Amino acid sequence: MARYELVKGSLALITLTNPPVNALSSAVRYGITEKIKRALGDPKVKAVVICGENERFCGGADIREFAAPMRGHSLVMLFDDIEAGEKPVIAAIEGVALGGGFELALACHYRIAHSKARLGLPEVTLGLLPAAGGTQRLPRLIGIPAALELITTGHHVSAQEALKLGMVDQITDENACKMAVEFALRAVAKPLSSRRISTLTMPCPPNLDALFEAVTMQVQKKARGVMAPLACIQAVRAAATLPYSKGMKRESELMASLFSSSQARALQYCFFAQRTAGKWTLPSGAQWSNIKPRDIRRAAVIGLGTMGRGIAVSLARVGISVIAVETEKKLLETGRQMVIGMLERDAKRRGVTASLYLLQFTLSLQDVKDVDIVIEAVFEDMSLKKRLFRDLSKVCRPSTLLYTNTSGLDVDALAGVTDRPHMVAGMHFFSPAHVMKLLEVICGPRSSSETIATAMSLGKRMGKVCVAVGNCPGFVGNRMVKTYTDQANFLLEEGATPEQVDGALEEFGFAMGVFRMSDLAGLDVGWRIRKESGLTGPDVDPKDPPHRRQGHRYSPIPDMLCEQGRMGQKTGCGWYVYEKPGGTEAKPDPLIQKLLEGYRVRYSIQPRKISSQELIERCLYVLANEGFRVLEDGIAVQPEDIDVIYLFGYGFPRHRGGPMFYANMVGLGRVLDRLEHYHHAHPDVPHLKPSQLLKKLVACGSPPIQKWKEHIKTMHSHL
Ligand SMILES: CCCCCCCCCCCCC[C@H](O)CC(=O)SCCNC(=O)CCNC(=O)[C@H](O)C(C)(C)COP(=O)(O)OP(=O)(O)OC[C@H]1O[C@@H](n2cnc3c(N)ncnc32)[C@H](O)[C@@H]1OP(=O)(O)O
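Parameters and conventions
Residues numbered from 1 in each chain as written. Predicted model: local features only at pLDDT ≥ 70, side-chain atom pairs only at ≥ 80, totals over all residues. Heavy atoms only, no water. Near = heavy atom within 4 Å. Polar contact = N/O pair within 3.5 Å; in protein donor to acceptor, adjacent residues only side chain to side chain. Areas by Shrake-Rupley, 256 points an atom, 1.4 Å probe, with all protein chains shown as cover. Helix = DSSP H or I, 4+ residues; strand = E, 2+ residues; numbered from the N terminus. Nonpolar A, V, L, I, M, F, W, Y, C, P; charged D, E, K, R; others polar. Phe/Tyr/Trp six-rings, centres within 6.5 Å; stacked < 30°, edge-to-face > 60°. Buried < 20%, exposed > 50% of the residue type's maximum accessible area, 1.4 Å probe, protein only. Salt bridge = Lys/Arg side-chain N within 4 Å of Asp/Glu carboxyl O. Expected span 1.5 Å × (residues − 1). Contact = heavy atoms within 4.5 Å. Pairing = 2+ DSSP bridges. Right-handed = clockwise from strand over helix to strand, strands pointing away. Domains from an automatic or database assignment. Axes fitted to C-alpha atoms, helices over the stretch in contact; angles between N-to-C directions. Parallel < 35°, antiparallel > 145°, perpendicular 65-115°, else oblique. Left-handed = near helix turned anticlockwise from the far one by under 90°.

Asks: An account of the site of the ligand is needed here, citing residue identities and associated values.
Replies: With respect to spatial proximity, 28 residues lie near the ligand, and among them Arg-56, Glu-103, Glu-123, Arg-275 and Lys-279 are the closest. Interatomic distance of 2.8 Å between a backbone N/O atom of Gly-100 and an oxygen atom of the ligand. Between the ligand and Glu-103 there is a distance of 2.6 Å, counted from an oxygen atom to a side-chain nitrogen or oxygen. When the ligand sits alone it has 1300 Å² of accessible area, and the protein chains cover 73% of it. Broken down by secondary-structure element, the contributors of at least two residues to the shell around the ligand are α3 (100-107), α10 (244-259) and α11 (262-278). Considering every element that reaches the shell around the ligand, the biggest residue donor is α11, with 3 residues. Residues of the shell around the ligand, tallied by class, amount to 17 nonpolar, 4 polar and 7 charged.

Below you can see the structure in the form of structure tokens.
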């Protein structure tokens, strides 16, 4: 796992050989320890260069090993030995030096990086801290403020930034290893004492307390209840106030407090879940690794509303030419200006030139005849979409793939009106589409593997996290979210207030509770969907009382708000009241209080005090319960897919892992018990009834989440 070569007669070249990222597994740690010992003990060797195979220095400790108690050689001791050695050791950094990989580089006496390399200490994103000396060496090298920023955010920096900050000694456009070998020959003659970072005097700014306080407040505001960033701050504080050996002891204690925490487990699960979701598989056996996606150069976006604009920007900024189509001149002009403005701002932020030349705006659908793909983003109206897909069938050349950006309508019904049902699928972007990372790719029963592969690969090219899902109303994300918002509404009826529900969810870790989020998104969105599905409006069965629809409990309160023009932030009031239309500061509204009281009196509901525990359990267990049904129905193939959708599309707190991982952490038995309890109390809410899969998993002894897949026997996969 580490290769040893003698080069130029006097240099030991140690190469880490653990593809794909040369992670510091126990075998690699053993390998480096042995090779360093050999180099330091060989009188022929005057200097050492450490590099990584396949032009990647090192992606850090092997995260998979964290699932079990750490065994084998200690990185801390290895790094101390490297630093204390009497021969210069040079890190030749190509690709990445992250986490333990960068800590290895910090233990070396010199660091030479390739100009395209990226460096950083991302441990905090895994619920950990850099515990192989990173919190003690980095502040000594680049100062406390810069080190605090890097360690508490986990941001990677480019080689150029690293050079500016003093993290590396030299950058090169040539092969970093070759440069490091030449550098090493010159370094042999130089004294090493000033190169041992652990012995450097800490550059301390005068206002240390104020600095730590400000960073602590910033971190608490950004990630409420998340432990790792706070532990990182404490570790850097130890570096600032204690000698190196005591600081290391503190670093190790703090790491021990994080290492087996549920937050670290959740965050590490998220890391792998994201990668697992990218590896999609269809029941046909087609999968990411065996289906070639089409190469997409020209796309059309139909509809320049909020979604269409964001999609057009996402395409153009990765070099795809876009024909954007609208039906009216005024809408086209507004859309054009918005897209250009968004693209220009985005380019400015990234320090590149806006690719405006890739954009074309038109009122004629005929102009899309030669594109490789069409992404439809018109109003969420089935008959309108069907009309459009029929027209696209006629206009587009036979090889054009057709995608719909519907947020929940039947993708197969649209495929059915075209001349190419196998070349139709869903690409469900989240708003704003040029910002939100999630893309649900909806695989209809007739969608071909190539159609799915192309959507997944295009999404990835646009920087999205793509998840392939099956076709059902609302797909995965919106199908599940309905159960969550329904519970929140029922809780209001029973005695809670919007601020109480939101408070509990925000305390749990959501950036915004369900009501604040609805106000932001606009209450009219859900209202329109409910009207279309006959839950409210003229199509309601006159025999249904207001709080029952289609045989189940229904809360008409959100409809009542919409009827009063309370559409959320944009109208200045919704579940909360805002300083002005478009305002963002949510204040509890006495009118809502009155509306709820009136509603309870009218339907003889005795309000009760509802605990935060019940609020969380009802909103989140019901969400997971629907997730189990989604798995049962074959709409998602694995729990990781659902969690990734919730992390990237719905703001589920990452340190809780996603709704399915959270249920797993709570304990499936407990989730089942509580659902049974709540369903007993509310038998008219079918979503509270425990799903078959949940019951089956509990009956099988609640296997860990990674094993659920083995228990999911689908009658018919929709993927
Ligand atoms: C009471 C108990 C007390 C216990 C105390 C314990 C003390 C223990 C002391 C430990 C010392 C701490 C050491 C150190 O500080 C800790 C760390 O280093 S944590 C790891 C930090 N590194 C990272 O977070 C980097 C993670 N990786 C990435 O960001 C990216 O993978 C990349 C390196 C930028 C490459 O990106 P891509 O090219 O896009 O490739 P992929 O992301 O798809 O990855 C490819 C493949 O590799 C797997 N992988 C990547 N990194 C790691 C890793 N560090 N460990 C294991 N596996 C890794 C990734 O999962 C992919 O594989 P696949 O999932 O597809 O099979």
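Asks: Help me get a handle on the packing of aromatic side chains, residues and values and all.
Replies: A full pass over the atoms with the stated rule returns 14 aromatic pairs. Summarising the aromatic geometry, the rings of Phe-430 and Tyr-650 are spaced 5.5 Å apart at their centres and angled 80° between planes, so their arrangement reads as edge-to-face. With Phe-430 in the loop between β15 (424-429) and β16 (438-443) and Tyr-650 in the loop between α24 (639-649) and α25 (659-666), this residue pair connects regions lying 220 residues apart in the sequence. Per residue, the accessibility class of Phe-430 equals that of Tyr-650, and both read buried. Taken together, a centroid distance of 4.8 Å and an interplanar angle of 85° make the contact between Phe-508 and Tyr-662 edge-to-face.

Asks: Tell me about the pattern of salt bridges, and please be specific about residues and values.
Replies: Opposite charge on two side chains allows them to pair when their charged atoms are near. For the structure shown, the criterion picks out 43 salt bridges. The salt bridge involving Arg-137 is made with Glu-83; its shortest N-O contact spans 3.0 Å. Taken as a pair, Arg-137 in helix α4 (residues 134-142) and Glu-83 in helix α2 (residues 75-84) lie far apart in primary sequence, 54 residues in all. Per residue, the accessibility class of Arg-137 equals that of Glu-83, and both read buried. Two residues, Glu-493 and Arg-553, come together in a salt bridge whose shortest N-O distance is 2.9 Å.

Asks: Tell me about helix α7 (residues 176-187), and please be specific about residues and values.
Replies: With 12 residues, α7 should reach 16 Å at 1.5 Å per residue; the first-to-last C-alpha distance of 16 Å fits that figure. When we look at burial in α7, the residues that qualify are Ala-176, Cys-177, Ala-180, Val-181, Phe-183, Ala-184 and Ala-187. For α7, the secondary structure elements touched by its buried residues are β2 (11-16), β3 (47-52), β4 (89-93), β6 (110-114) and β9 (170-172). Where α7 starts, the residue carrying a side-chain oxygen 2.8 Å from the main-chain nitrogen of Cys-177 turns out to be Asn-175.

Asks: Please set out the pairing of β16 residue by residue, giving values where relevant.
Replies: Looking along a regular strand, one sees the side chains alternate between the two faces of the sheet. Of all 6 residues that make up β16, 6 are buried, and the element is covered over most of its length. Across the two faces of β16 the burial is the same, with Leu-438, Glu-440 and Ile-442 and Leu-439, Val-441 and Cys-443 all buried. In this sheet, β16 lies alongside β15 in antiparallel orientation, the contact comprising 4 bridges. Considered in β16, the bridge of Gly-426 is made with Ile-442. Across 6 bridges, the pairing between β16 and strand β17 (residues 465-470) is parallel. Residue pairing for β17: Glu-440 is matched across the bridge by Val-467. Crossover connection from β16 via helix α16 (residues 449-461) to parallel β17: handedness right-handed.

Asks: How would you summarise the domain arrangement of the protein chain if you had to cite specific residues and measurements?
Replies: Entries for the protein chain in the domain assignment read domain 1 (2-259), domain 2 (288-472), domain 3 (496-602) and domain 4 (612-634 + 637-711). Between the C-alpha centres of domain 1 and domain 4 the distance comes to 40 Å.

Asks: Summarise the environment of Ala-84; cite the residues concerned and give the values.
Replies: Assignment of secondary structure puts Ala-84 in helix α2. Each C-alpha atom of the pair Ala-84 and Thr-404 lies 61 Å from the other, and the pair is 320 residues apart in sequence.

Asks: Can you tell me about the packing of helix α1 (residues 26-41) against α2, naming the residues and giving the values?
Replies: Remark: α1 packs on α2, axes separated minimally by 11 Å, with the N-to-C direction vectors making an angle of 20°. Here α1 is positioned roughly parallel relative to α2, judged by the angle of their axes. The hand of the α1/α2 crossing is left-handed. Packed against α1, whose contacting residues are Arg-29, Ile-32, Thr-33, Ile-36 and Leu-40, the element α2 presents Leu-75, Leu-78, Asp-81 and Ile-82 at the interface. Looking at the contact of α1 with α2 residue by residue, the class counts come to 6 nonpolar, 1 polar and 2 charged.

Asks: So what's going on with the packing of helix α26 (residues 668-681) against helix α27 (residues 692-699)? Residues and values would help.
Replies: Running from amino to carboxyl end, α26 crosses α27 at an angle of 135°, the nearest separation of the two axes being 9 Å. The angle between the axes of α26 and α27 places the two elements in the oblique class. As for the relative orientation of α26 and α27, their crossing is left-handed in sense. Contacts from Leu-668, Gly-669, Val-671, Leu-672 and Leu-675 of α26 reach α27 at Leu-694, Lys-695, Leu-697 and Val-698. Taken together, the residues that form the contact of α26 with α27 break down as 7 nonpolar, 1 polar and 1 charged.

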